[in-house]
Amino acid sequence: MIFKTYDVVVVGGGHAGAEAAAAAARMGCHVLLVTQMLDTICQMSCNPAMGGVAKGQIVREIDALGGWSGIVTDRSTLQFRMLNRSKGPAMWSPRAQCDRMQFSLHWRNILESTQNLDLWQDEVTELITEGNAVKGVRTLMGHRIPASAVILTNGTFLNGHIFIGESHWQGGRISENASLNLSNQLKDIGFEVKKLKTGTPVRVDGRTIDFSKLQEQKGDTNPSKFSFSNTPPVSHQRSCFIANTNLTTHEILRKGFEQSPLFTGKINGRGPRYCPSIEDKICRFADKDHHQLFVEPEGWHSQSYYLNGFSSSLPIEVQLGALHSICGFENARIFKPGYAVEYDYFPPIQLRYTLETKMIENLYFAGQINGTTGYEEAACQGLMAGINAALKLHGKVPFILERSQAYIGVLIDDLITKGVDEPYRMFTSRAEYRILLRQDTADLRLTPLAYGIGLADEERMRRVEQKKLHLNSLIDTINTTHLLPSTDTNTMLSNHCSVPIQQKTALATLLQRPELNLTDLSSCSNSCHTAIENLPDDIRDEVEEEAEIMIKYKHYIDKEQEVASRILKFEQVTLPHDFDYYSLTALSYEAREKLSQHRPTSIGAASRISGVSPADISVLLVNFSGR
């Protein structure tokens, strides 16, 4: 046998698999990452971008916990934008367009340089189990690889099927084979399995696009970055562009409907609600005379452009004809057609909060196998699965994030308590504590926790402690500084359409005015200006922005923290895993049925299950709050 016994085997080399393998290895486990193609590790098979609304918060949380996605993104950024700047800071969401080849290469280098981590190109075809515990895997090459824990991160490869018009074949991505045996074994063991669908658009040859007819979309003038470490922000950027479909485009697409696998019944799995195919959009929104498309570069030295919003599984000739009807794409050539892929997933109510399966001990699921969509959602699940597999093997308590601690906590709680019947995508609206979960606070919230479990290193923790020290000092300066009603002060206020002051006024009070910011006010206060100038260069912008947010929105932050603290009491009232809910006749029948199916670990989790009413929660509190 050429393989030793590993602590953890990670199956799949996508975003979930890479984060899982790196985390478990850095926490002291001997890890083997098995993937069909080492050359496509963390390939951005769809949109070559990281972040976006709520997704950007997740990437910053991954980074704060000691994961690599933020660092890799910073190293491969083509363009950076902070989305939703016109809204409140709870909605600000970082997004980076990436060089997809550099992204994959950086991840490969990280994995190859991580101690305790081995890589193997092969396909896992079977789990080795004894009783109700996993003991390793078998591969297509016939190898038996013993392991104490296995993390499945198979993406769209489990019984994957690709569709382009009337053509279809087995595959997880175009030109890559599907995994055909593993999903069937899990089904035979007793896991519930269902199907979902996703898709991707054409890749267009940039040399054949008339960019003069498109609307240019530049990156931020002063671009930020994702990682809280010392990665530099992007120094120069590539532009994206905006195009639009038209009625002619829609008419061409409609003519291909009779050959579309979406409408002929060949695809049964549900697609992503918030990223539908172009044929689905023109069908669902028949009143629209155009749909916006984003033309996004795929690399610094590549002519390939991703046509965001034009995902399709229509025949290639229909895709091309519709493309040529779009202004700026009249003579466009494509490198690769759009296609749809249907694949197996396992409803995540079959998991514990650690992402370990309830049915098989030491078997973990992460990523699209749980019904999620997006690199960011997959990466954070992989990170948490890797962390918890390592902790369990070392005999330590699990690492579980609450909804009030992280978007990652919201995501996992949603999956476990609510399940998935369509591809799950994170939005800020899913988080009830989004003022607390801002992207700027991820390191303060999570790095101390990651340091405590041995994932975040000393340098990370030192940086957070330094930032917190300077942040508190600046907030104290703002709170204790007052401005007099001088000519300079009132002129500044008038220039910003703000009411002049008539008496000495606290700087913090003025900062709560929506039309004013800290830069405006520091120009009238030597003490505040000096405090900002004395901040270390590498964290000055972060500390200044965060201090302003914490003072300007203090009332809202305090109120949300108070609500979160009250709700946390529900999370601390645990429910026994083997309790017979049918014996509680005071519960509604639906509640008994749902609680028996979901097996929530706490009353807080039970309260978020559809069909469990407030009255049912009261019954649970009466029966379990004193235990």
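Quick note: structure is the one above.
Conventions adopted
- Residues numbered from 1 in each chain as written.
- Predicted model: local features only at pLDDT ≥ 70, side-chain atom pairs only at ≥ 80, totals over all residues.
- Heavy atoms only, no water.
- Helix = DSSP H or I, 4+ residues; strand = E, 2+ residues; numbered from the N terminus.
- Rg over C-alpha atoms; globule rule 2.2 N^0.38 Å.
- Buried < 20%, exposed > 50% of the residue type's maximum accessible area, 1.4 Å probe, protein only.
- Contact = heavy atoms within 4.5 Å.
- Areas by Shrake-Rupley, 256 points an atom, 1.4 Å probe, with all protein chains shown as cover.
- Pairing = 2+ DSSP bridges.
- Axes fitted to C-alpha atoms, helices over the stretch in contact; angles between N-to-C directions.
- Parallel < 35°, antiparallel > 145°, perpendicular 65-115°, else oblique.
- Nonpolar A, V, L, I, M, F, W, Y, C, P; charged D, E, K, R; others polar.

Observations regarding the overall build of the protein
Move 1: When helices and strands are counted, the protein shows 22 helices and 22 strands.
Move 2: Against the compact-globule benchmark of 25 Å for 627 residues, the protein has a radius of gyration of 26 Å, which places it among compact chains.
Move 3: Counting all 627 residues of the protein, 58% fall into the buried class.
Move 4: Contacts spanning at least 24 positions in sequence make up 72% of the contacts within the protein whose residues lie at least 6 apart.
Move 5: Summing over all exposed atoms, the protein offers an accessible surface of approximately 25,700 Å²; the carbon and sulfur share of this is 49%.

Overview of unusual backbone geometry
Comment: phi is negative for the bulk of residues other than glycine, and the bulk of peptide bonds are trans.
Move 1: A positive phi angle is found at Cys-42, which is not glycine, with a value near 50 degrees.
Move 2: Tracing the backbone shows Cys-42 in the loop between β2 (31-35) and β3 (49-51).
Move 3: Look at Ala-54: it is not a glycine, yet its phi comes out positive at around 70 degrees.
Move 4: By the element assignment, Ala-54 lies in the loop between β3 and α2 (55-64).
Move 5: Taking relative accessible area as the criterion, Ala-54 reaches 0% and is therefore assigned buried.

Observations concerning the sheet that holds strand β11 (residues 167-170)
Move 1: Spatially, the 4 strands line up as an open sheet ordered β11-β10-β19-β12, and their pairing is antiparallel. Unpaired on one side and paired on the other, β11 and β12 (194-200) mark the two borders of the sheet. On average, each strand axis in the sheet is inclined to that of its neighbour by 20 degrees, with strand direction left out of account.

Concerning the packing of α2 against helix α11 (residues 407-418)
Move 1: Contact geometry for α2 and α11: axes closest at 9 Å, N-to-C directions at 110 degrees. In terms of orientation, α2 and α11 fall into the roughly perpendicular class. Between α2 and α11, the contacting residues are Gln-57, Ile-58, Glu-61 and Ile-62 on the first element and Tyr-407, Ile-408 and Leu-411 on the second.
Move 2: For the contact of α2 with α11, the class distribution of residues is 5 nonpolar, 1 polar and 1 charged.

Let's talk about the sheet that holds strand β15 (residues 240-244)
Move 1: Spatially, β14-β15-β16-β17-β13-β18 is the arrangement adopted by the 6 strands of the open sheet, whose pairing is antiparallel. Two strands bound the open sheet, and with one partner strand each, they are β14 (215-217) and β18 (334-336). Within the sheet, the average angular offset between the axes of one strand and its neighbour, ignoring direction, is 35 degrees.
Move 2: Pairing geometry for β14 and β15, over 3 bridges, is antiparallel. In the strand pairing of β15, Glu-216 is matched with Phe-241.

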